[in-house]
Every structure is written in C-alpha cells, then in structure tokens.
Amino acid sequence: MPYLGVDYYPEHWPDEMIKEDIKGIKDLGANIVRMGEFAWHLMEPEEGMFDFSYFDSVISALKEQGIKIMFGTPTATFPAWLAHKYPSILSENEDGQVRVFGGRRQYCFNSELYRKYAAMITKRLTEHYADEPAIISWQIDNELGHEGSDQCYCEKCHEQFHRYLKNKYQSIDTLNETWGTIFWGQTYNNFNEIPVPKQTITTHNPSLKLDWARFRSNSINSFTHEMTGIVRKVKGEHQTVTTNVSGGFFDKSFDHEENVKKMDFVSYDNYPVWGGLEQPIEPASIAMTHDFNRGLLNKNYWIVEELMGAQGHDVIGYLPRPNQAKMWSYQAFAHGCSDMLYFRWRGMTKGAEQFCYGVVDHDNQYGRKYKEVQSLFEEIKENDHVLQSPIKADVAVLYDYDNIWSWKGQVQSKGFDFNEELLRLYRPFYKLNTPIDVIPTNRDLSNYRVVVVPVMQVVDRHLSQKLEQFAETGGTVLFSYRTGLKDRDNNLRLGEILPGPVREMVGARVEEIESLTGAHKLKLTGKGEFAHTYGEISVWRDLLVAEEADVLYEYSDNFYNQYAAVTQNNVGKGMVYYIGGGLNEEPLDRIAKNILSSHGITFIETPENVEVYERLVEKESYIFVMNHSGSLQLYDGEELEPYTGKIIKK
Ligand code: GLA
Ligand code: ZN
C-alpha cells in the first residue's frame, strides 16, 4: 500500500486535541504524517538543552493508530535565541540589509556557526529516533533555497566566493583572461578585489554572474550534503532520507540534481495554485514539474505537500473547485508520484500561515475537502503496483543550470522567460499524451528517440557531439533559438557562425538576430509539406539561411522574408529541427506529431484539457484520465465530469 497522509503540526494545537486529530487522520485513510520540520525550539529550547519528550508522546499516540512518520530536520527555522546570540548566522540581501529573524530560512549557508548548530540539532534528533520503528523517513530541512533564501551577499559569502574562484582559476590572470575583465578596465590584481554581484551602475560581467550562481549552488548543496551525511550516518537502517523540492526550481541558483544526489528519493511540494493567482498554472506546466522531479533521480518520487485548500501568506487566490485538487493528485500519480501527503491537516489559527488552508479548516469540521481526500485515498490505495511501476519515456526535454543562469543574467529579450520557453517545446508533446522525461544535459540519451533542447545557448563541444551522435544514430533533435551562442564561461565565440557547435547538424546558419518583446509578433509562412499553413513568432527571432536543411517556415515581413524561421535537416539516420524563435502552438503541434509518427511512437489525441497517461505494469495497461476543465468532456466514448481523475484498467 502506498504511504498516504497529511502534514501534521501537533505543536500548533492544545495537547487535548492530539488524540482527536490522530483519529481524524486515521479515518481519512492515512497511514503516515510528516511533522517536526519547524520545531527546532521545541526540541532545543535553550542552547544545548535537547528535549524530545513532546514528540516522544506524539509519536506514541500515532503508533497506537498504526500511523508512520516522516520527520523533518528543523533547520529551516532556527530558534530566536540562536539568532540573538549569533546574529552573524543571518543572511544578507543584495542591498546589504541583514535579514531579521521572523520569517524562515534567513540563515546564511556559509555561516560556520549556523552549520555547527544545524549539525548538532540534526545529529541529536536523528540519534534520538534512529531506532524508532514508526519513523520511516527523514526530510532534510524544508524547501531548501526557496522564497529567496538561495541568495546571500554577506561578508562570509564574499570570502567564500573568493575562495571558490581561487580554487577554480588558480591564477588571477586566468580569471581575467576567461572573464574578459579588460573590458571596462576591470582587470583584477588579486581575487579579493572581486565583488559579489550586488547593485551597480549598468550590469556586471556575464562570467562573474555565472560563477556567482555556481557558487550559490555549491553553498546550498554543500550545506544539504553535510546535513544529509549526518542523518545517513546516524539513522536507522529502516529509515530513508529525502528533501522536499519547491516549485520554481528553474528560478533558483542551485542545481537540483546535485542537491538531491545523496537522497533515497525526491519529494516534491505540488501547488498548482498558490498565493494570489486568479487561476491555477496550466496542466502542461503542472505535468512538467512532475516530470522534472521524477527526472532528478530518474525514479518515482513522493509528494509531501499536495495542495487541497487555497494557499497563501498575506494574499490568497483561487479556490480549487470540488474534485480539482483530487484530480491533480491523479495527475501526480500518473507522472510517477508513488506516495502522497496533503498539506496540511488543519489550517493554523495563528502565525504567518493562517491563510494556508488545509484538509480541515479552522472551523475543525470534516467537510468537503476532508471527504475529497478520503475518497482519493480509498480509490488509490489498491493501485500501489501501478504507482510503483517505472515510467519509460521516448521523449526527453533537456535543461542545464549553467544555461538557465546564463539566461537569468541577461534575458536579451524583454519577453523572455526560461520556464515559458521550456514549456513552449514541452507542451506539444504533452498534448499528445506521451511520457516525457525532463532531465539535465549530462544524462545518457541512448534510451530516447526524441530529444528536445529548449533555448540552449550554452553549448560546449561535449554536448554538441553527444547530440550529433544521437541524431546520426536515428534520433530526432529539436532545438529552439539562440542555441550554441555561448561557451561554459558565458562568453561568445569569436569567428564562429551560429548556431555555433551545432551548425553542421542543424544544416543552417544564423545570419542576423532580432530581440522581439512578448507583444511583438511576426507572421510566418509554411513551405514544402507545411505550405498553405501559417505560424507566428514572438520573443526572439534568428534569421536563418538554410544550408543543407529544408525550410519549414519562413518570415513574411519586409526586408526579412527571404530568411527561414524553422528548418529540418536529415542527419545520418536521424533528423534535426531548429525553431528560430518563440513559435506559436499550431506549427509546433504539427511538428511534434510528425516527429512522433516518424518514430512510430504511439500517442493519444484528446480534447483540450483532457490528459491521459498510460502506465504499463508487466503487460497490463492502466490509463490515468484527468479532466482539467470545469466542463463535461468526452474521452474514449465516455463522459468525464468536471475535474474527474481516475484510472481505467485496459
Ligand atoms: C511550502 C512550505 C510549507 C508551507 C506551504 C504553504 O510548500 O514547504 O511549509 O509554507 O508552502 O503553502
Ligand atoms: Zn552569506
């Protein structure tokens, strides 16, 4: 049976409510709770005074009901006494303001003092419960690097940044040469002259910005690995280790694959809508987040915070419609979630998250949301063999944090958003209901047949050769714009015609470029097999001259109508497409369908907002069906009620 439960904060409630709460959780159909991740002060009320008696009593009450526990190491919220005694643990924002105690995650990852105290509570907590059979898993911290905590510009980080650079470049001359500091006379005589990229007039050196992001990633990941190492060393054999990934993972300055590499499995916090959003994020975007999390360790993952009630701190927004949150759970299970906990058992009446509604609201009534979770648990618990089954995708969408950080430092177009550009190429394959892996560029591609490479401007020879070989041996590669523009130092290559290292496999060259804004749209005309069809391009355009490639779409505006916008090139036994700008959905849908058909990859066409996902367990087929709309839909001859989520055994 899968682990199904809720995030439970007993410390928020009078002791006399615990038994009633645990019974309510049990009656929900839950067999696990997550707790403890914000309770450092409760466990160390004063420096060096460790007291786990409160949780001892809660755990024994949970055990009476046969409920297991995922316990969070509480380093995301350190006690006031620690910040008061050692204010140096507090992080600093870009304006040099020290973050004050009062929120969460205000610690500096490079504070040795913080690491010392964080290591101590982590060690003592894990030691105390290493033999506790009810605790089956440890969550490291909480949403590391979230809510702006991935950045700190304090003196300790500055010193560590110098150390990082010295270690990487060895000599200041090498750094000057690599960064091109001759530009604007920025040559450094030694490492300690180098600034952190705080506010300046105009903008910082691109190589500095990229190395700063890599340094931030190292800072967060080394803290995570240190805490994970402590838990691994001390925990019981029966206990696993995870950490919970937050949304917005492409917007953060840390490499998530590196972050979770010592974990037994990835956990994810699934909030299709949060804060003041008027509507949830689109179904394709939710799906992509699941495929990203499954891709981190290339295995099924947990959701330890599944949205049920409207969520927000000082602002909330859209209320999930009846069964919509349950349908999102089906979608998560379809994409490889194996075990799920809903956030949170009951909305808290005090503190910063009064408006993070739970399964049960402040009225403490077991209402619609309670019953919705109960019905989901009842329906899904018999499908563990499906939930645990591996997913095999023929399509991979590649990302690379160096590339993401390169774009983040210089968006080049006011309309550019990395998430949107990755989704632009993910969406057409998602709409054809074929499994998709979202994985880093360092992975082996030999098990795929289609590799999608969105706005990969940082391309080194290693990657270009890997992709060329993939195409030569029969694969299809789909590039989009600005591919191959930069090297790993975030610099352009003198004398190299774009798309640089992939020019030969693309079979076209970029003669000129234009940065469009999101609003500026240009018409395209279809050619060849796409004749009499039209497209639209926004955000950016590469003006392409086809060399060996065929032209699928060309620009139709004055001066530039002799340039290609979209090309297709035969490479060995494979094919390479180049999408020279922010292409709209219709042509991309057409191209995606052609690609899957050319590989004989089965796909399922469904009405808009109906998502299906096939899971194979041995030879048996289970189809997950999700109606993401608030209206009746038809699929496979069956009516789907609004926000239906279900599994059909074929
Ligand atoms: C995040 C955090 C939780 C809580 C919820 C509120 O996912 O992990 O602690 O703040 O958001 O929605
Ligand atoms: Zn710092």
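Not measured: the values here are computed from a predicted model. (Residues numbered from 1 in each chain as written. Chains lettered and ligands numbered in written order. Predicted model: local features only at pLDDT ≥ 70, side-chain atom pairs only at ≥ 80, totals over all residues. Heavy atoms only, no water.)

Enquirer: Mind laying out the overall build of the protein chain, listing which residues take part and the relevant values?
Expert: Counting its regular elements, the protein chain contains 18 helices and 25 strands. The C-alpha radius of gyration computed for the protein chain amounts to 26 Å, which stays within 12% of the reference 26 Å derived for 650 residues, consistent with globular compactness. Across the 650 residues that make up the protein chain, the buried fraction comes to 60%. Across the protein chain, every contact between residues at least 6 apart in sequence was considered, and the portion connecting residues at least 24 apart equals 73%. A total accessible area of about 25,300 Å² is found for the protein chain, and carbon and sulfur atoms account for 51% of it. (Helix = DSSP H or I, 4+ residues; strand = E, 2+ residues; numbered from the N terminus. Rg over C-alpha atoms; globule rule 2.2 N^0.38 Å. Buried < 20%, exposed > 50% of the residue type's maximum accessible area, 1.4 Å probe, protein only. Contact = heavy atoms within 4.5 Å. Areas by Shrake-Rupley, 256 points an atom, 1.4 Å probe, with all protein chains shown as cover.)

Enquirer: Which residues make up the coordination of the zinc ion (ligand 2), and what are the values?
Expert: Within the protein, Cys108 (SG), Cys152 (SG), Cys154 (SG) and Cys157 (SG) serve as the donor atoms for the zinc ion (ligand 2), at 2.2 to 2.3 Å. In this structure, the zinc ion (ligand 2) is coordinated by four donor atoms arranged in tetrahedral fashion, with angles at the metal of 100 to 120 degrees. In the primary structure, the donors to the zinc ion (ligand 2) are separated according to the pattern C-x43-C-x1-C-x2-C. Neither residue differs from the other here; Cys154 and Cys157 are each classed as buried. (Donors = N, O, S within 2.8 Å, 3.2 Å for Na, K, Ca; no water. Tetrahedral: all angles 85-135°; square planar, octahedral: opposite > 155°, others 65-115°.)

Enquirer: Break down the side chain of Glu611 for me, with residues and values.
Expert: Structurally, Glu611 can be placed in strand β21 (residues 610-617). Side chain to side chain, Glu611 and His335 meet in a polar contact 2.6 Å long. What Glu611 contacts, discounting residues up to four positions off in sequence, is Ala287, Gln331, His335, Tyr430, Asn433, Phe624, Val625, Met626 and His628. (Polar contact = N/O pair within 3.5 Å; in protein donor to acceptor, adjacent residues only side chain to side chain.)

Enquirer: Mind laying out the site of ligand 1, listing which residues take part and the relevant values?
Expert: Neighbouring ligand 1 are Phe38, Arg104, Asn142, Glu143, Asp269, Tyr271, Trp274, Glu305, Gln311, Phe343, Glu353 and Cys356. A distance of 2.7 Å separates an oxygen atom of ligand 1 from a polar atom in the side chain of Gln311. Glu353 places a polar side-chain atom, nitrogen or oxygen, 2.4 Å from an oxygen atom of ligand 1. For the shell around ligand 1, the per-class residue count stands at five nonpolar, two polar and five charged. (Near = heavy atom within 4 Å. Nonpolar A, V, L, I, M, F, W, Y, C, P; charged D, E, K, R; others polar.)

Enquirer: Go over the packing of aromatic side chains, please, and point to the residues and values.
Expert: In total, this model carries 49 aromatic pairs according to the counting rule given. Measuring from centroid to centroid gives 6.1 Å for Tyr426 and Tyr430, while their planes differ by 20 degrees, and the two rings are stacked. In this pair, Tyr426 and Tyr430 are both assigned in helix α15 (residues 418-430), four residues apart and thus about one turn of the helix distant. In terms of burial, Tyr426 and Tyr430 fall into one category: buried. Cation over ring: Arg346 sits above Trp13, and NZ or CZ is 4.0 Å from the ring centre. Over the ring of Tyr555 we find Arg541, and its NZ or CZ is 4.8 Å from the ring centre. (Phe/Tyr/Trp six-rings, centres within 6.5 Å; stacked < 30°, edge-to-face > 60°. Lys NZ or Arg CZ within 6 Å of the ring centre and 35° of its normal.)

Enquirer: Would you mind going over the pairing of strand β9 (residues 337-343) in detail, with residue names and values included?
Expert: Successive residues of a regular strand alternate their side chains across the two faces of the sheet. Taking burial as the measure, the seven residues of β9 include seven buried ones, the bulk of the element. The parallel pair strand β8 (residues 301-307) and β9, bridged by helix α11 (residues 324-334), forms a crossover whose chirality is right-handed. (Right-handed = clockwise from strand over helix to strand, strands pointing away.)

Enquirer: Just give me the short version of helix α7 (residues 172-179), but keep the residues and values in it.
Expert: Of all the residues in α7, the buried ones are Ile172, Leu175, Asn176, Thr178 and Trp179. On its buried face, α7 sits against α6 (155-169) and α8 (206-234).

Enquirer: So what about the environment of Asn491? Which residues, and what values?
Expert: Secondary-structure assignment places Asn491 in the loop between β13 (476-479) and α17 (503-506). Residues Asn491 and Thr525 lie 34 residues apart in sequence; the distance between their C-alpha atoms is 34 Å. The residues contacting Asn491, other than those within four sequence positions of it, are Thr178, Ser207, Leu485 and Lys486. In terms of polar contacts, Asn491 uses its side chain to reach the side chain of Ser207, at 3.3 Å.

Enquirer: I'd like a description of the packing of helix α10 (residues 283-296) against α11, backed by residues and values.
Expert: Where α10 meets α11, the axes come as close as 9 Å, and the angle between the chain directions of the two elements is 45 degrees. Between α10 and α11, the angle is such that the two are oblique. For the pair α10 and α11, the crossing hand works out as right-handed. In contact with Pro283, Ile286, Ala287 and His290 of α10, α11 contributes Trp328, Gln331 and Ala332. Residues that form the contact of α10 with α11 fall into these classes: five nonpolar, two polar and no charged. (Axes fitted to C-alpha atoms, helices over the stretch in contact; angles between N-to-C directions. Parallel < 35°, antiparallel > 145°, perpendicular 65-115°, else oblique. Left-handed = near helix turned anticlockwise from the far one by under 90°.)

Enquirer: Can you lay out the sheet that holds strand β25 (residues 645-649) for me, pointing to particular residues and giving the numbers?
Expert: The strands that make up a sheet pair up through hydrogen bonds in the backbone, lying either parallel or antiparallel. Ordered in space as β21-β22-β25, the three strands form an open sheet in which the pairing is antiparallel. Of all strands in the sheet, those with a lone pairing partner are β21 and β25, marking the two edges. Along the sheet, successive strands turn relative to each other by an average axial angle of 20 degrees, direction set aside. (Pairing = 2+ DSSP bridges.)

Enquirer: Give a detailed account of the pattern of salt bridges, specifying residues and quantitative values.
Expert: As enumerated under the stated definition, the model contains 52 salt bridges in all. Residue Glu496 is joined to Arg461 by a salt bridge in which the shortest nitrogen-to-oxygen separation is 2.7 Å. One end of the pair, Glu496, is in the loop between β13 and α17; the other, Arg461, is in helix α16 (residues 461-472), and 35 residues separate them in sequence. The partly exposed category is assigned to Glu496, whose relative accessible area is 24%. Taken together, the shared-partner salt bridges connect Lys168, Asp211, Arg214, Asp400, Asp402, Asp460 and Arg488 into one network. (Salt bridge = Lys/Arg side-chain N within 4 Å of Asp/Glu carboxyl O.)

Enquirer: Please set out the nonpolar core residue by residue, giving values where relevant.
Expert: Ranked by internal contacts, the top residues of the largest apolar core, which has 151 residues, are Phe71, Phe250, Tyr399, Tyr426, Phe429 and Ile591. Contacts of Phe71, omitting those with residues within four sequence positions, involve Met35, Gly36, Met43, Phe55, Ile59, Leu125, Tyr129, Ile135, Ser137, Trp138 and Gln139. Core analysis: the second largest hydrophobic core is formed by 28 residues, Leu398, Val459, Phe470 and Ala508 among them. (Core = buried A, V, L, I, M, F, W, Y, C linked by side-chain atoms within 4.5 Å.)

Enquirer: How would you sum up the sheet that holds strand β6 (residues 244-245)? Please name residues and give values.
Expert: Read across the sheet, nine strands follow the order β5-β4-β3-β2-β1-β9-β8-β7-β6 without closing on themselves; strand pairing throughout is parallel. Of all strands in the sheet, those bounded by a partner on one side alone are β5 (240-242) and β6. Both strand β3 (residues 68-72) and strand β4 (residues 135-139) contribute to a ladder of four bridges, which runs parallel. Paired with Phe71 across the two strands is Trp138, which belongs to β4.

Enquirer: I'd like a rundown of the side chain of Ser207, residues and numbers included.
Expert: Examined against the element boundaries, Ser207 turns out to sit in helix α8. Residues in contact with Ser207, not counting those within four places in the same chain, are Thr178, Trp179, Asp489, Asn490 and Asn491.

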